[in-house]
Amino acid sequence: MIQTVEIEAHRTAPALPEHVRMVHDAAMLDAIDDPVVTLAVWQRSSPLARPDLTGVPTIRFASHSGSVAHGIASALAGLPPQDWHHLLATDVQHLARLYAALTGEDRVEVRLERVTGDGCWKFHADYVALRLITTYCGRATQWLPQGASVEAEPRALAPGDVGLFKGRERAGERAIIHRSPPIAGTGEDRLLLVIDAPWPEEDA
């Protein structure tokens, strides 16, 4: 009976579009270098149990990829100490180094925020080359297969999944279409991490 259920679930699961890769090893995220691929997802469990996000500030900074843990720890230093703070800083550091290795960027821009509203609730493509997104807790980023209408049922990452999203700078009109899940009025919250290449510094 169990075998029958598993087979039936496999048959009814939506087929994965050609431009999306789901992998179970961070090393396989280099699939994003395939010109066809616009979204590569490392499927993993969130390293955080459901934390209390009360008072968590929006954290945004640019730094060398090897100094990210220090930046996160410094930003959280004003809160009552929690065990998950160290786990979070360590994981963000790991993802920053991963992003740096994949992009060749020595410096990265990090944004970590507690989201309680709809955020970027409209489907869109980012005007960046490559963006790393993970949701540590709460509903995760939704995306659409290429050619799908914005009225179509969206697909979604799971909490903990690490997505590499190709933007318009790298994929042009084929850039991956995605949005924040609409949660306004539900009482839900999310802990969202975004890692990008930093914006060029203005000329002095």
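Residue positions within a chain follow its written sequence, with the count starting from 1. In view of the model being predicted, local features appear only for residues whose pLDDT reaches at least 70, and side-chain atom pairs are presented and counted only at 80 or more, with totals across whole chains, interfaces and linings using the full set of residues. The side-chain numbers reported here are obtained from all heavy atoms of the structure, hydrogens and water having been left aside.

## Digging into the overall build of the chain
From N to C terminus, the chain includes four helices and ten strands. Starting at the N terminus and walking to the C terminus, you meet the elements of the chain as α-β-β-β-α-α-β-β-β-β-β-α-β-β. Whether two residues are in contact is decided by their heavy atoms: any pair within 4.5 Å suffices. A separation of at least 24 residues holds for 78% of the contacts in the chain among residues at least 6 apart in sequence. Areas reported as accessible are Shrake-Rupley estimates using a 1.4 Å probe. Residue values count occlusion only from the protein chains shown. On the chain, roughly 11,000 Å² of surface is accessible, and the fraction owed to carbon and sulfur atoms is 53%. Only DSSP runs of H or I reaching four residues or more are called helices, and only runs of E reaching two or more are called strands; each is numbered from the N terminus.

## Here's the deal with the sheet that holds strand β6 (residues 142-144)
Between any two strands, pairing holds if DSSP finds at least two bridges. Strand order in this open sheet of three strands is β7-β6-β9, and the pairing throughout is antiparallel. The open sheet has two edge strands, β7 (155-156) and β9 (177-179), and neither has a second partner. In this structure, β6 lies alongside β7, joined through two bridges in antiparallel fashion. Bridged to W143 within β7 is R155.

## Here we look at the nonpolar core
In this structure, I72, L88, L95, V110, Y136, L191 and I195 are the most contacted members of the largest nonpolar core, which totals 36 residues. Per-element tally for this core: the top contributor is helix α3 (residues 83-103), with eight residues. Among buried residues, the Ala, Val, Leu, Ile, Met, Phe, Trp, Tyr and Cys ones that are joined through side-chain atoms within 4.5 Å form a nonpolar core. Summary of the burial criterion: residues with accessible area below 20% of their type's maximum are buried, those above 50% are exposed, and those between are partly exposed, where the area comes from a 1.4 Å probe applied to protein chains only. Counting twelve residues, the second largest nonpolar core, distinct from the first, contains V20, V115, F165 and L192.

## Focus: α3
Spanning 21 residues, α3 covers 31 Å between terminal C-alpha atoms, matching the ideal 30 Å at 1.5 Å per step. Against β2 (39-42), α2 (68-76), β4 (107-115), β5 (130-137), β8 (162-166) and β10 (190-196) lie the buried residues of α3. Once α3 ends, the next one or two residues include G104, with phi positive near 80°. Helix span, as expected, comes to 1.5 Å for every residue beyond the first.

## Here we look at the packing of α2 against α3
At a minimum axis separation of 8 Å, α2 and α3 run at an interaxial angle of 150°. The interaxial crossing formed by α2 with α3 has right-handed handedness. Listed contacts from α3 to V68, A69, I72, A73 and L76 of α2 are H85, L88, A89, V92, Q93 and A96. Here the nonpolar group is Ala, Val, Leu, Ile, Met, Phe, Trp, Tyr, Cys and Pro; Asp, Glu, Lys and Arg are the charged ones; every other residue, Gly included, is treated as polar. For the contact of α2 with α3, a count of residues per class yields nine nonpolar, two polar and no charged. Where helices are involved, their axes are fitted lines through C-alpha atoms of the stretch in contact, as for all axes, and angles between N-to-C directions lie from 0 to 180°. For any pair of crossing helices, the crossing counts as left-handed if the nearer helix is rotated counterclockwise from the farther one by less than a right angle, and right-handed if it is rotated clockwise.

## Notes on the sheet that holds β10
In spatial order, the strands read β1-β2-β8-β5-β10-β4-β3; together these seven strands make up an open sheet with mixed pairing. With one partner strand each, in any of the chains shown, β1 (20-23) and β3 (59-64) form the two edges of the open sheet. Taking each pair of neighbouring strands and ignoring which way they run, the sheet shows an average axis angle of 15°. Here β5 pairs with β8 via five bridges, running antiparallel. From the neighbouring strand, L132 faces β8, where its bridge partner is L164. Along the sheet face, α2 touches β3 and β4 and points at about 150° away from the line of β3. Strands β2, β4, β5, β8 and β10 of the sheet are contacted by α3, whose axis makes an angle of about 160° with β5.

## A look at the environment of E153
Of note, E153 is situated in the loop between β6 and β7. When the C-alpha atoms of E153 and Q142 are compared, they prove to be 9.6 Å apart, with eleven residues separating the residues in sequence.

## With respect to the packing of aromatic side chains
Centre distance and the angle of the planes are the two values used to describe a pair of aromatic rings. Side-chain rings of Phe, Tyr and Trp, where Trp is taken by its six-membered ring, are said to pair if the distance between their centres is within 6.5 Å; with planes under 30 degrees apart they count as stacked, over 60 as edge-to-face, and otherwise as tilted. Considering all chains together, one arrives at zero aromatic pairs under this definition. Comment: the charge-over-ring label is applied if NZ (Lys) or CZ (Arg) is within 6 Å of the ring centre and within 35 degrees of the ring normal. Directly above the ring of W42 sits R44, whose terminal nitrogen or CZ lies 5.1 Å from the centroid.

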